Amino acid sequence: MKNKIIQLLDNSIDVLNAEQITEILEQPPKPEMGDYAFPCFRLAKELHKAPQQIAADIKDSIVCPDFIDHIEVMGAYINFFTKKDAYAEQVIERSKSSDFGSSDEGTGKTICIDYSSPNIAKNFHVGHLRTTVIGNSLYKIFTKLGYKVERINHLGDWGTQFGKLIVAYKKWGSEEAVKEKGIEELMRIYVLFHDEVEEHPELEDEARAWFHKMEIGDEEALKIWEWFVDISLEEFRRIYDLMGMDFDHFTGESFYRNMTEDVVSELTEHGLLTDSEGAKIVDLSEYDMAPCLILKNDGSSIYATRDIAAVEYRKKTYDFTKCLYVTGQEQKLHFSQVFKVMELLGNTWAKDSLIHIPYGLVSLGGEKLSTRGGNVIYAEDILKEAISKIREIIDEKNPDLSSEEKDEASRIVGVGSVIFNDLYNQRIKDVSFKWEHITSFEGETGPYVQYTYARCSSILRNVTDFSEDAVIDYSVLTDPATVDLLKEIDRFPDIIEDAAERYEPSVVARYAVDLAQAFNRFYTENRIAVDEKNVRDARCMVTSITRRILKDSLDLLGIGCVERM
């Protein structure tokens, strides 16, 4: 129906094409303003008329089709009032399909997403949640649009910090303590190193020497490092399993360490490398950027070198259309440098294909988290605390559920509440954990949306004679609450496209709340289990479609659903 209105306007407006009309066409905020509205302000300059007059002229030129009840001019807007039964039919017939919201726009195209990427030998803390949940949601959004998505966990498993950790292990650690306590012990000695280096700066030289041994393949150094990696991966996988997430590739910085020589050779051949106090850099002053450090003065590579190697490997291996990097906004300069170096190497695709997706900080009680200072809130603790709090609420609200059902619901809703709290915020904004909001079943929260899904499931379980194949009487779906819900349903494909275009999962999260709120108004104003079968079937169909789209929306955020809670 929207497309038909666009075509009507396209036939009456010479100075805009259908794509431009699509961008301008709106859904009014109030039902009394119609179902679609077209503002004419943009046409004033081209047509040399007042927008109000342009609106009147266009309205007069349109022959009202069967699906339009009437058209009104309201100021500079042309407002279209559709026939509500025709609109209901159009939305329901379109949205009944299980692939509603899917697209083939990504067919034959690959997107690489680099996200999560925790540092080896450091606990997976709450600050890692943002990159993990944003990246996972983008993976699901682009998959929905038909892209092949490569999920890459670029582990921080190489660099001078491992020289520091080896020094700390040899001075203050033991094999027994690491075996017993795992990452907790590695974190303890890592923090201790930074405490001690204040009084003993020579420890930095020892650390650099150990990392150099790693780079040249020293057997002892690599054996200790590989042990630390194995301990860390076991920890990380436990967190990912709890969150219901996985990756296609755990290829960290170390994966590219033997490719850095080729990077240096390529940069040299292109005349891009210059000396700077013994180090090798790419001068980017022409582009108002600090130099990109490629080799330190001891000849060791740095993460920029390995990131350049990673880009080249991914392009060669996956032939990506886009490669997305989901990291904190504090890394903006780093990726600007790496992307610019890729351009300077003659890769014309780099400018449009390499994209940094920044996000804000995470805090608990307003305090920024710092691994080095030991102020660490573990992600697993946050998730388990959420599960525990949700379990308390379910015990109180629905004591009749079995223990197994309560356990499952608490895990899915608890983990989902943390994810939703993060993704509901625009990613560039900082996120703070406030338990009274996160685990609430009211307001703009994950549990509220999940509860609405469970309510839809309960309704459909109790109406035993409803079939998805029922013939629907669309004339009973014309009241304002139903039409408002249908409008929300109708938005779903556009929401996914918008979220992908902006790399912004919050678009989906906010839509899920809007849909849940619209359904609950519909449910309040329309009794579903009525005697009249035509009314019952029609309202059950709306409920069924809403239920599926709530599930699809939550899935796009990486959040599960439960049938009872």
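This is a predicted model, so every value here is computed, not measured.

(A) The overall build of the chain, seen in detail. The helix and strand inventory of the chain stands at 22 helices and 13 strands. Principal axes of the C-alpha set define a box for the chain whose edges measure 80 × 65 × 40 Å. Here the chain holds 565 residues, and 54% of them are scored as buried. Per element, the accessible surface of the chain, about 25500 Å² overall, is 45% carbon and sulfur. Here the chain contributes 66 positive and 101 negative side-chain charges, whose respective centroids are spaced 2 Å apart.

(B) Fine view of the environment of Pro480. If you trace the backbone, Pro480 turns up in helix 20 (residues 480-502). Remark: the alpha-carbon pair of Pro480 and Pro31, spanning 449 residues in sequence, is separated by 7.5 Å.

(C) Structural view of the packing of aromatic side chains. Within this structure, the stated rule accounts for 28 aromatic pairs. With a centroid separation of 5.8 Å and 45 degrees between ring planes, the pair formed by Phe335 and Phe339 is classed as tilted. Linking Phe335 with Phe339, this pair stays in helix 14 (residues 332-344), spanning 4 residues, or about one helical turn. Just as Phe335 is buried, Phe339 falls in that class too. Three or more aromatic residues joined by ring pairs make a cluster, and in this case those are Tyr115, Phe124, Phe236, Tyr240, Phe247 and Phe250. Here the guanidinium or amino end of Arg151 rests over the ring plane of Tyr139, the centre of that ring lying 4.4 Å away. The cationic tip of Lys340 hangs over the ring face of Tyr287; the distance from NZ or CZ to the ring centre is 4.5 Å.

(D) Structural context of the packing of helix 12 (residues 260-269) against helix 13 (residues 303-318). Where helix 12 contacts helix 13, the two axes come as close as 9 Å, and the packing angle between them is 90 degrees. The orientation of helix 12 with respect to helix 13, classified from their angle, is roughly perpendicular. Within the contact between the two elements, helix 12 uses Thr260, Val263 and Glu266 and helix 13 uses Thr305, Arg306, Ile308, Ala309 and Glu312. Counted by class, the contact of helix 12 with helix 13 contains 3 nonpolar, 2 polar and 3 charged residues.

(E) Representation of the sheet that holds strand 4 (residues 110-114). Sheet architecture is open: 4 strands sit in the order 5-4-9-10, paired in parallel fashion. One side of each edge strand has no neighbouring strand; the edge strands of this open sheet are strand 5 (148-152) and strand 10 (354-359). Across this sheet, the average inter-strand angle for adjacent strands is 20 degrees, counted without regard to direction. In this structure, strand 4 lies alongside strand 9 (residues 322-328), joined through 4 bridges in parallel fashion. Looking at strand 9, one finds that Ile111 is bridged to Lys322. Packing against the sheet, helix 13 makes contact with strand 4, strand 5, strand 9 and strand 10, and its axis sits at approximately 150 degrees to strand 4. Across the face of the sheet, helix 14 comes into contact with strand 9 and strand 10 while running at roughly 180 degrees to strand 10.

(F) Highlighting the nonpolar core. Ranked by size, the top nonpolar core spans 149 residues in total, and within it Leu9, Phe38 and Phe420 carry the most contacts. Broken down by element, the residue count for this core peaks at 13 residues, all from helix 11 (residues 219-243). Those residues in contact with Leu9 that sit more than four places away from it in its chain are Ile21, Leu25, Phe38, Ile58, Ile62, Ile78 and Phe80. Among the nonpolar cores identified, the runner-up in size contains 32 residues, and Val264, Ile302, Ala310 and Cys323 belong to it.

(G) Quick peek at helix 16 (residues 379-397). Between the first and last C-alpha of helix 16 there are 27 Å, a value that for 19 residues agrees with the 27 Å anticipated at 1.5 Å per step. Listing the buried residues of helix 16 in full gives Ala379, Glu380, Ile382, Leu383, Ala386, Ile387, Ile390 and Ile394. Buried residues of helix 16, seen end-on, are gathered within an arc of 160 degrees and therefore sit on one face of the element. Exposed and facing more than 90 degrees away from the buried side of helix 16 are Glu392 and Glu396.

(H) Structural detail: helix 14. Given a rise of 1.5 Å per residue, 13 residues ought to cover 18 Å, and the 18 Å separating the end C-alpha atoms of helix 14 matches this to within 8%. Taken together, the buried positions of helix 14 are occupied by His334, Phe335, Gln337, Val338, Phe339, Lys340, Val341 and Met342. Count one or two residues on from helix 14 and you reach Gly346, which has phi positive near 95 degrees.

Scoring rules and cut-offs
Residues numbered from 1 in each chain as written. Predicted model: local features only at pLDDT ≥ 70, side-chain atom pairs only at ≥ 80, totals over all residues. Heavy atoms only, no water. Helix = DSSP H or I, 4+ residues; strand = E, 2+ residues; numbered from the N terminus. Buried < 20%, exposed > 50% of the residue type's maximum accessible area, 1.4 Å probe, protein only. Areas by Shrake-Rupley, 256 points an atom, 1.4 Å probe, with all protein chains shown as cover. Lys, Arg positive; Asp, Glu negative; His and termini not counted. Charge placed at Lys NZ, Arg CZ, Asp CG, Glu CD. Phe/Tyr/Trp six-rings, centres within 6.5 Å; stacked < 30°, edge-to-face > 60°. Lys NZ or Arg CZ within 6 Å of the ring centre and 35° of its normal. Axes fitted to C-alpha atoms, helices over the stretch in contact; angles between N-to-C directions. Parallel < 35°, antiparallel > 145°, perpendicular 65-115°, else oblique. Contact = heavy atoms within 4.5 Å. Nonpolar A, V, L, I, M, F, W, Y, C, P; charged D, E, K, R; others polar. Pairing = 2+ DSSP bridges. Core = buried A, V, L, I, M, F, W, Y, C linked by side-chain atoms within 4.5 Å. Expected span 1.5 Å × (residues − 1). Arc of directions from axis to C-beta.

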